[in-house]
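# Overview (structure and organization)
Letter by letter, the chains look like this.
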Amino acid sequence: MGHRDPSLTRKWGQGGKRRAMAYLPSHIRVKGSRDGLTFYFDGNVAMEVWLAELQQLLQREHHLFQGPAVPVRICFGRVPLGTEEAAIRACFASHPNLIVHRVEASSTSITSRTGEKERTAPTLLWGPVRSGAEIQSDGALIVAGDVHSGARLVAKGTILVFGILRGMACAGSDGDIEAIIAAWELACPVVEIASRRKSFEKLSAGPTLVRLEGEELVTAPARHLKRGQGGREQPWAKWWS
Amino acid sequence: MGQVVVVTSGKGGVGKTTTTANVGLALGMFGQRVCLIDTDIGLRNLDLALGLDERVVYDLIDVCSGVCRLQQALLRDKHIETVYLLPAAQTKAKTDITPEQMRTLLEQLKPSFDFILLDSPAGIEQGFQNAIAGADWAIVVTNPEPAAVRDADRVIGLLHGAGLTDVRLILNRLRTQRLDARSTGNGTAGLGEIEEVVDQLAVDLLGVVPEDERVVDSNLQKEPLVLHQQDRAGQAYREIARRMLGESIPLMELTPPKPFWRRLGLRFGHHARVERK
C-alpha cells in the first residue's frame, strides 16, 4: 500500500464516507469474475475525468493489478470513440498482465455510483409470506424466508427468495424483461416475468432461477448466477452495485 | 386476570370444537377456572360436544343484547365444576354481534376465570373477526393435509395482521399408522410429517393429537374423551393443557404400543438383525 496517498489513509473513528468517495473512482467500477476483470465506465462524463480516474486507479492499486495475465473487458456505456479507446489501451499498457480483449458499448454498464441513487432500493422482507398476502415492490424484492402457497409477490424488478417459493411471483411487473426470479427452492406452480407466464409440472430441487429468453421463460440452476446468468450480460449488475 | 385464547383453523372440520371442549376440560381437571365460549353463531356445536345441549336457555346474543345477565347464560359443566360454557345462538346470524361487544363481554369475564377459550367458526369472515377480537393469543388447529395447512397459513397471516403474534399450533388427527410406516427404523416414530407442517407454518407447536376413533364415540355419547384416562387423544389433550399451564412436556409416543411378542423380539435384538441385511 506504499503508493497510497497518505492524506487518504483511513484512521479508525474517522467517517468512512470521505474515504469511500476519495478512494473509489466514482465513474469506473471494476468487477472480477472467473472470466477475468470487467471495467465499467460511465461514458457520459468528460474524457479527462474518467481518464484521470483510470490512471489513479491503476497507479494506486498497482499491487492488485500485478500477477498472472488477466483478460480485461471494458464496458463503456456508449460506443467509444477511436481516441477514447486508444487512451484506455494506452493506460492499460503500463500493466502488461492486464490484457484488454474487448472495448464494448454495453448497455448494462450504467453502474456508476452517481446514477445509483436514482434507482429504487430493493425491498427486504423478513419472515414467511403467508397465504393470502400480496407484497408489492417498486424495485427488486428480497424475501428472507419462505413464500407460502397462496401468497403473491409483485415487483417491478427482480425477485429473490431466500427460502422456498410456493406462492405466485411476478417479477418485472412494469415490463422489465431483465428481471429474474430466483429462490432456494422453486415449488410454485407458476411464475411470471414481464407478463409472460410459465407453469411447472415438476418442482425443482435446489437453488433455481427463472429468466426471460426471447419470449420464453427458462429455468436454470442458480449457480449460473455468478456467471452473469449463464453467459448473458449481467442485468444483476445494476442492483448489485 | 384470565387469558383469552381463540381456537381457530380457517378450514372446517379439522376439530376446533373437539379441541376447545377437550382442552377446556383438561384445564379444568388441572384446577383452572375455564370459560368456553362458542362464537359459531347460527351453527352452534360446542354445547353438544360437552353434552350440555339440553340445558341451553340463554345464549351469547342474549347476553350481548341485554336480554339476560351473563350469569344466567353461563352453563356449568356436568363433570368438572370449574368449567363453564357460554353457548352460541342457533337462530341468529354472525352479523348480529360486533367485535366491540365481544371485547366488552370478555372484559366482564376475565376477572373470574383463568382461561377463556373461544371456539371460532370456520372461515375468515365476520364470525372469525368477532372471535379474534378480544383474544390474547391464538391456537390454530390443523390436520396434516394440504388444504388444512394452507388455510391455517392464511389464518396465521390474518392473526398476525390483527396483532395476535402469539400463535401456537395443534396438529390434529395425525394418523399414527402412517407415522409408523415412515418410521426411521430405530424404534422412534418418524416425525417427518409433523416437522413438515411445523416448518411450513413456522409457528410453535403446542401439541399433536393422534387420530382416535373414540372421538366419534365420545361425540355420540356427548362426553369429551379427555375424561377417560386411557384414550390416546385424551392424553394428548391433557398434555396440551399442561403445556398451556407452562409445563415443558415432550411429545407423547405417537406410534401405537407394539404387541408383547414383538417387544420381546426387539428385546433380543431381532430388530437389529433385520437392519443389518
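In this text the structure is predicted, and so the values were computed from the model without any measurement.

Before going further, it helps to examine unusual backbone geometry. Residue and element names in this part refer to chain B. One non-glycine residue, Arg173, lies in the positive phi region at around 55°. Tracing the sequence through the fold places Arg173 in strand β7 (residues 167-174). Using a relative accessible area of 40% as the deciding quantity, one classes Arg173 as partly exposed. One non-glycine residue, Ala202, adopts positive backbone phi at about 55°. Within the element layout of this structure, Ala202 appears in the loop between α9 (192-201) and β8 (204-210). Its relative accessible area of 43% is what places Ala202 among the partly exposed residues.

Another aspect to go through is the environment of Ile142 of chain A. Here Ile142 of chain A is to be found in strand β7 (residues 141-144). When the C-alpha atoms of Ile142 of chain A and Thr158 of chain A are compared, they prove to be 8.3 Å apart, with 16 residues separating the residues in sequence.

What follows covers the interface of chain B and chain A. Contacts between the two partners involve eleven residues from chain B and, on the opposite side, nine residues from chain A. At the boundary of chain B with chain A, total buried surface from both sides reaches about 730 Å², with 42% on carbon and sulfur atoms. At the surface where chain B touches chain A, the tally comes to one salt bridge. When the shortest N-O distance is used, the salt bridge between Asp153 of chain B and Arg130 of chain A registers 3.0 Å. In this assembly, chain B and chain A are joined by seven residue pairs in polar contact (both at pLDDT 80 or more). Those elements giving two or more residues to the side of chain B that touches chain A turn out to be α7 (146-161) and α9 of chain B. Looking at the side of chain B that touches chain A, the element that brings in the most residues is α7 of chain B, giving six residues. Among the residues forming the side of chain B that touches chain A, the class breakdown is four nonpolar, three polar and four charged.

Residue and element names in this part refer to chain B. With 14 residues, helix α1 (residues 16-29) should cover 20 Å at 1.5 Å per step; its first-to-last C-alpha distance of 20 Å lies within 8% of that length. Across the 14 residues of α1, 13 count as buried, placing the element largely inside the fold. Immediately beyond the C-terminal end of α1, within one or two residues, lies Gly31, with a positive phi of roughly 85°.

Attention shifts here to the sheet that holds strand β4 (residues 83-86) of chain B. Residue and element names in this part refer to chain B. One open sheet holds the eight strands; their spatial order is β3-β4-β2-β5-β1-β6-β7-β8, and the pairing between them is mixed. Taken across any chain shown, the strands that pair with only one partner, and hence form the sheet edges, are β3 (75-76) and β8. Bridge count for strand β2 (residues 34-38) against β4 is four bridges, and the pairing is parallel. What sits directly across from Leu36, in β4, is Leu85. Relative to the sheet, α1 contacts β1 (3-8), β2, β4, β5 (115-119), β6 (137-142) and β7, its axis offset from that of β5 by approximately 170°. Packed on one face of the sheet, α9 meets β6, β7 and β8 and runs near 145° to β7.

Residue and element names in this part refer to chain A. Taken as a whole and judged by the stated rule, the model has three aromatic pairs over all chains. Seen in terms of ring centroids, Phe39 and Phe92 are 5.0 Å apart; in terms of plane orientation they differ by 85°. Their pairing is edge-to-face. Of the two residues, Phe39 is situated in strand β2 (residues 36-41) and Phe92 in helix α3 (residues 82-92); the sequence distance between them amounts to 53 residues. The exposure class assigned to Phe39 is buried, which follows from its relative accessible area of 0%. Its relative accessible area of 2% is what places Phe92 among the buried residues.

Now for the pattern of salt bridges. Enumeration over the complete set of coordinates arrives at 21 salt bridges over all chains. In this structure, the salt-bridge partner of Lys222 of chain B is Asp53 of chain B, at a minimum N-O distance of 3.0 Å. On the criterion of sequence distance, the pair formed by Lys222 of chain B in the loop between α10 (214-220) and α11 (232-244) and Asp53 of chain B in the loop between α2 (46-50) and α3 (60-64) is long-range, its members being 169 residues apart. Here Lys222 of chain B falls in the partly exposed class, since its relative accessible area comes to 29%. The exposure class assigned to Asp53 of chain B is partly exposed, which follows from its relative accessible area of 21%. Arg214 of chain B is the partner of Asp231 of chain B in a salt bridge, and the nearest nitrogen-oxygen pair spans 3.1 Å. Here Asp231 of chain B, found in the loop between α10 and α11, pairs with Arg214 of chain B, found in helix α10; they are 17 residues apart in sequence, far enough to count as distant. One salt-bridge network, held together by shared partners, links Asp138, Lys156 and Asp174 of chain A.

Cut-offs and rules
- Residues numbered from 1 in each chain as written.
- Chains lettered and ligands numbered in written order.
- Predicted model: local features only at pLDDT ≥ 70, side-chain atom pairs only at ≥ 80, totals over all residues.
- Heavy atoms only, no water.
- Helix = DSSP H or I, 4+ residues; strand = E, 2+ residues; numbered from the N terminus.
- Buried < 20%, exposed > 50% of the residue type's maximum accessible area, 1.4 Å probe, protein only.
- Contact = heavy atoms within 4.5 Å.
- Buried area = accessible area lost by both parts, 1.4 Å probe.
- Salt bridge = Lys/Arg side-chain N within 4 Å of Asp/Glu carboxyl O.
- Polar contact = N/O pair within 3.5 Å; in protein donor to acceptor, adjacent residues only side chain to side chain.
- Nonpolar A, V, L, I, M, F, W, Y, C, P; charged D, E, K, R; others polar.
- Expected span 1.5 Å × (residues − 1).
- Pairing = 2+ DSSP bridges.
- Axes fitted to C-alpha atoms, helices over the stretch in contact; angles between N-to-C directions.
- Phe/Tyr/Trp six-rings, centres within 6.5 Å; stacked < 30°, edge-to-face > 60°.

Limitation: the analysis is restricted to geometry and does not speak to function.
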